Amino acid sequence: MTANVCERLGSTLGELFDCAPMQGHTRIRTPFLYPDGDVIDVFLTERDGVPTVTDYGETMRWLRMQSLAPRRSPKQQRLIEDVCLNHGLELYKGMLTARVPESAAGLAATVMRVAQGSLRVADLWFTMRTR
């Protein structure tokens, strides 16, 4: 299954995306970077028989590590909700997730949505006050 998924992604997204099996799911390395230069990875997994793309909470962890504040401000929370709404993502237990539709280009589009959503959420770092 993973080889087929990686072939489909390679033919639709191109060579900038790298795909590899990893402990029961497929890691997709994107060309997008967090503001500190770390690469944004998303993962293809199956939940209740439905293929799902997720960041496994890495984006929210990254954002949390940029501040000493124990919680996000209400404004930051609204901005995260806006990102999820605009990109069609769900924020579930700190993970940005999206279900993969059955269409031919559905997997590639979902990978792009989750990766771009991760990038937008990480960019909220620029709205934080540094003390």
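See the structure above.
Since the model is a prediction, treat every value here as computed from it, not as a measurement.

Student: Just give me the short version of the environment of Met65, but keep the residues and values in it.
Tutor: Following the sequence through the fold, Met65 ends up in the loop between α2 (58-64) and α3 (74-87). By relative accessible area, which is 55% here, Met65 ends up exposed.

Student: Could you give an account of helix α4 (residues 106-122), naming the residues involved and the relevant values?
Tutor: With 17 residues, α4 extends 24 Å from end C-alpha to end C-alpha; this agrees with the ideal 24 Å at 1.5 Å per step. Most of α4 is tucked away, with 12 of its 17 residues classed as buried. Restricting attention to buried positions, one finds in α4 the residues Gly106, Leu107, Ala108, Thr110, Val111, Val114, Ala115, Gly117, Ser118, Leu119, Val121 and Ala122.

Student: Go over unusual backbone geometry, please, and point to the residues and values.
Tutor: Notably, Gln23 is not glycine yet its phi reads approximately 45°, a positive angle. With respect to the secondary-structure elements, Gln23 resides in the loop between β1 (18-22) and β2 (25-33).

What counts, and where the lines are drawn
Here the residue index of a chain counts from 1 through its sequence in written order. It should be noted that, the model being predicted, local features are given only for residues of pLDDT at least 70 and side-chain atom pairs only at 80 or more, the latter also being counted only at that level, while totals for whole chains, interfaces and linings use all residues. Computation of side-chain values covers all heavy atoms of the structure but excludes hydrogens and water. Each helix corresponds to a stretch of at least 4 residues labelled H or I by DSSP, and each strand to a stretch of at least 2 residues labelled E; elements are numbered beginning at the N terminus. Exposed residues in this analysis have more than 50% of their type's maximum accessible area, buried residues have under 20%, and partly exposed residues fall in between, with area computed by a 1.4 Å probe over protein chains only. Under the convention used throughout, the expected extent of a helix is 1.5 Å for every residue step, that is, one less than its residue count.

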